[in-house]
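One-letter residues, chain by chain:
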Amino acid sequence: MKILSSIISLMPFFLLAQIQSPGEYLGYELGEKFTRHHQVVDYFTYLSGKSEKVTLQGYGKTYENRPLMLAFVSSEQNLAKLETIRMDNLRRAGVEEGNPTTNVPIVWLSYNVHGNESSSTEAAMATIYELVREGSDKASWLENTIVVIDPCINPDGRDRYVNFFWQYGSQPYNPDPNALEHNEPWPGGRANHYLFDLNRDWAWQTQIESKSRIKVYNQWLPQVHVDFHEQFINDPYYFAPAAQPFHELITQFQRDFQTEIGKNHAKYFDENNWFYFTKQFFDLLYPSYGDTYPTYNGAIGMTYEQAGHGRAGLGIIKQEGDTLTLKDRIAHHYTTGLSTIEIASKNSSRLLENFEKFFGDNASLKYKTFVLKYDGNDDKFNALKSWLDVQGIEYGQASGRGLKGYDYKSGSSATFSISTSDLVISTSQPKATLAHILFEPKTKLVDSVTYDITAWGVPYAYGIQAYAMEQTLAVSNQQKVAPKDMTPPEKAYAFISKWNSMDDARFLAALLREDVKVRFTQKPMTHKGETFDRGSIIISKRDNKSVSDFEATITNLANKYSRNLSVVQTGFMDAGPDIGSSDVRYLKKPKIALLGHEGTSSLAFGATWHFMEQELEYPVNVLSTDYFSRVDLAEYDVLIMPSGWYGNFGEGEMKKIMEWVSAGGRLIAVEGALNKLKDSDYSSLSEFVDEEAKKIAEDSNKERKEAARLVAFEDQEREFIKGYAPGAIYKVKMDKTHPLAFGYGDTYYTLKTSSDKVAYLNGNNVGIVVSKEDILSGFAGQYAKEDMAETLVLGVESKGRGHIVHIVDDPLFRSFWQNGKLLMVNAMFFVGQ
């Protein structure tokens, strides 16, 4: 493959008469300017109208209403039978019945998942043009291969970055790294509209872009998937094979074929004297990446990383004095994209054969059955089933007594029984590998130096008691029961709604939005044999005299949110507090503010913003740290400080917040925000419970430092991770009587993404880690384990007439920790009422 000085001027003009190159169509050569997303869409649309080798498919829109699309590129003959090829591919995977009649592998190229890693979308235009232009020597590859090109996974983030550069970039560009054009403002263009990292969302699919894309991806299941990225400007180019740790279920063929592809890339990079590296940094473990999720779905999943990122602009001076240009970056991604297609085409039979083997051989899986015990929480199980349906993971019901399996709660083997209400997942199914990896209680690590979190077990994320069995059970279909609408009662003293799910929280939010007045019980109450636990919502006719046709209005709202409310005709309860008791508190509709902008983590802020708008559907006022000093906090009842470093928050800002809290405000401080409160005059929060504990810790740290002084240079990273906890799951002891814990039992599972620790408070320690043995899954270094014993996870501190809610581990992290979300709702609505 010959790489020319300009990848756009690939052929003489007379060969381009029918199909324009990107440069001819756009009016500038690729690499001279950044191309806005709508121009990319226009060019792909133009190609689909000009070439018989291109078919476009829209698959959704972003939150900012930009189109998402795929280009299917192949020979005319293949595109004519595209649906047959798709179905045949699913037959190979066992997802559809029957035998395939075609033998065409699918290569899927995904570009620009991180918006400010902007060279890849430009490269996508160069790549598709080279595949379809007249006289291309790559045309033969399309005879036996379907190439799927997603030119921009993250249009909102891309345009945020591109618009920034168009606005602030010098003309001509300034390669000085200190220039403004190389330094994006908060939050940068990496993430999507809600500031989510879409490259961590493949499995969880919390964002509209991910949901839309994975729905189509699972309708194809390609043999090869490439996720194009960029890294820091002085790191040249990374391509497969990946670094350790590999997940143990990645097949030998998947490992070997990565190497084959990498060697082909190396051939072309060597010809052009381009630097590159392999087998470092980018591992294949965490299941929600653009390389691992396809890998666990049978593909050769790979990440390609080009130097550049949001700093590079059109050109930037690197450490050795060389200038890295956008044209360079495009050429590199263009080369690896075509090289990937080349190897796939030349090895089409091997790819298809081993793809089929991947889905047919489940003998290596340790666990054959996962049992999730039904706890009466239909909302939780329905949410899990919906997510499983999206993944294509089959589930059902089984029965049995005296069974043995790994108990997720105790972390050891236990004996249990199965009822027909339990949800059972067998690994005797096409998506066995994916199911096993997502549900396994502990992931085997061959190397503890990893790129991301090391635990994600779905039962922990949903807060469901589960068992993993090494025996196979016969699983039959589980009948789904559609919720039945309520009929309005003729008369009601009050309606009562349970409280144990986000569906209940959304219903409460809807009531408050409609100015329906509600109360909640702080103690269990019983009426006619039905028990309503702490947090249950009471909607009384007395409180809502102004609501016209009270019974019909509340019933209609309940039906809209699929809530089956209990109707009571009296305030007299058989047990527990009566509806008029002081233990049944009036819930004042809170006005909520959320801090964002400089000093906050864009990811943490975005997760909270998304939670409020898209999940809870409750109004939130975003306040910028830039003008926070001018905000009258008296207008708000709740202030959320998402994780961050708050470097621009000085004594004046913190004093203002504390005065507001003392006057009755509720501050919710999450993860990194606690560092503004820890060991300060603003809060009793501390890293140590007392001076004696502090002295013990100081002595221990001194011993650790002494031991580290003689560690060899090459071993220093491993010495460092002794104090590191990159995403481990811990068992948390809960005080379920506290309003912060309403809807929870005695145990909660928290995902720790740092080794930061907080000592117990003087009171209201709602959630705590008791022992260093309470780690259930994932890696935590030796020192991190020791330090995590007897630490706070959730606590509430009274200050004057107000409260501070301390949340040590962000329950909204990446929005996939479903079991933690009710904690945020409790903090906003119940604490301090």
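One numbering rule holds for all chains: residues counted from 1, following each sequence as written. Note on the predicted model: pLDDT of at least 70 is required for a residue's local features to be given, and 80 or more for side-chain atom pairs to be given and counted; whole-chain, interface and lining totals, by contrast, use all residues. Only hydrogens and water are removed before side-chain values are computed, so all heavy atoms of the structure are retained for them.

Peer 1: Looking at this model, I keep getting lost on the nonpolar core. Mind explaining?
Peer 2: Generally speaking, a soluble globular protein has its nonpolar side chains buried in company with each other. We define a nonpolar core as any set of buried Ala, Val, Leu, Ile, Met, Phe, Trp, Tyr and Cys residues linked to one another through side-chain atoms lying within 4.5 Å. Only protein chains enter the accessibility calculation, which uses a 1.4 Å probe; a residue is then buried when its area is under 20% of its type maximum, exposed when over 50%, and partly exposed in between. Core analysis: the largest hydrophobic core is formed by 154 residues, its most contacted members being Ile425, Phe439, Ile539, Leu616, Ile668, Met828 and Phe829. Only DSSP runs of H or I covering at least 4 residues are called helices, and only runs of E covering at least 2 are called strands; the numbering of each starts at the N terminus. Ranked by the residues each element gives to this core, the list is headed by helix H15 (residues 502-513), at eight residues. Filtering out sequence-adjacent residues up to four positions away, Phe829 remains in contact with Leu508, Leu512, Leu587, Pro590, Ile592, Leu616, Tyr618 and Arg666. Among the nonpolar cores identified, the runner-up in size contains 59 residues, and Leu47, Ala331, Tyr334 and Leu338 belong to it. Whether two residues are in contact is decided by their heavy atoms: any pair within 4.5 Å suffices.

Peer 1: What should I look at first to understand the packing of aromatic side chains in this one?
Peer 2: Each aromatic ring pair is characterised by the separation of its centres together with the angle its planes make. The aromatic pairing rule takes the rings of Phe, Tyr and Trp, using the six-membered ring of Trp, and pairs them if the centres are within 6.5 Å, calling planes under 30 degrees apart stacked, those over 60 edge-to-face and the rest tilted. Tallied over the entire structure, the rule returns 52 aromatic pairs. For the ring pair Tyr63 and Tyr194, a centre distance of 4.8 Å and an interplane angle of 85° mean the geometry is edge-to-face. You can see Tyr63 sitting in the loop between strand E1 (54-61) and strand E2 (67-73) and its partner Tyr194 sitting in the loop between helix H6 (155-168) and helix H7 (208-217), a full 131 residues away along the chain. Overall, the relative accessible area of 25% leaves Tyr63 in the partly exposed class.

Peer 1: Is there a simple way to think about the packing of helix H12 (residues 378-391) against helix H13 (residues 432-439) in this case?
Peer 2: In a pair of packed helices, the angle between the axes and the distance between the axes together describe the arrangement. Every angle, taken between N-to-C directions, lies between 0 and 180 degrees, and every axis is a line fitted to C-alpha atoms, over only the stretch in contact when it is a helix. One can describe the packing of H12 onto H13 by two numbers: an axis separation of 11 Å at closest approach and a directional angle of 140°. Taken together, the axis directions place H12 and H13 in an arrangement best described as oblique. Between H12 and H13 lies a crossing whose hand is right-handed. Contact with H12, carried on its side by Leu384, Trp387, Leu388 and Gln391, involves Leu434, Leu438 and Phe439 of H13 and no other residues of that element. Under this grouping Gly is polar, as are all residues other than the nonpolar Ala, Val, Leu, Ile, Met, Phe, Trp, Tyr, Cys and Pro and the charged Asp, Glu, Lys and Arg. Considering only residue class, the contact of H12 with H13 consists of six nonpolar, one polar and no charged. Angles below 35 degrees are treated as roughly parallel, those above 145 as roughly antiparallel, those between 65 and 115 as roughly perpendicular, and all remaining angles as oblique. Crossings are assigned a handedness: left-handed for a near helix turned anticlockwise from the far helix by less than a right angle, right-handed for a clockwise turn.

Peer 1: When you look at the pairing of strand E5 (residues 224-231) in this model, what are you seeing that I'm missing?
Peer 2: A large share of E5 lies buried, amounting to eight of its eight residues. Burial of E5 is two-sided: the residues Val224, Val226, Phe228 and Glu230 facing one way and the residues His225, Asp227, His229 and Gln231 facing the other way are all buried. Strands qualify as paired when DSSP identifies two bridges or more between them. In terms of strand pairing, strand E3 (residues 106-110) meets E5 through four bridges, oriented parallel. Residue pairing across strands places Ser110 opposite Asp227, the latter belonging to E5.

Peer 1: Help me out: how do you make sense of the pattern of salt bridges in this one?
Peer 2: Charged atoms that come close allow side chains of opposite charge to pair. Just to be clear on terms, a salt bridge is a Lys or Arg side-chain nitrogen sitting within 4 Å of an Asp or Glu carboxyl oxygen. Going through the model one piece at a time under the given rule, you end up with 36 salt bridges. Here Asp543 makes a salt bridge to Arg519, at a shortest N to O gap of 2.6 Å. Taken as a pair, Asp543 in the loop between strand E21 (537-540) and helix H16 (550-560) and Arg519 in strand E18 (residues 518-521) lie far apart in primary sequence, 24 residues in all. Among the residues examined, Asp543 registers a relative accessible area of 16% and is labelled buried.

Peer 1: I tried to follow the sheet that holds strand E23 (residues 584-587) on my own but got confused; where do I start?
Peer 2: Spatial strand order, E22-E17-E21-E18-E23: five strands in an open sheet with antiparallel pairing. Edge positions in the sheet fall to strand E22 (566-568) and E23, since each of these pairs with one other strand and no more. On average, each strand axis in the sheet is inclined to that of its neighbour by 30°, with strand direction left out of account. Two elements, strand E17 (residues 494-497) and E21, share four bridges in a ladder whose sense is antiparallel. By the bridge assignment, Ala494 is partnered in E21 with Ser540. Across the sheet, H15 is in contact with E17, E18, E21 and E23; its angle to E21 comes to roughly 30°.

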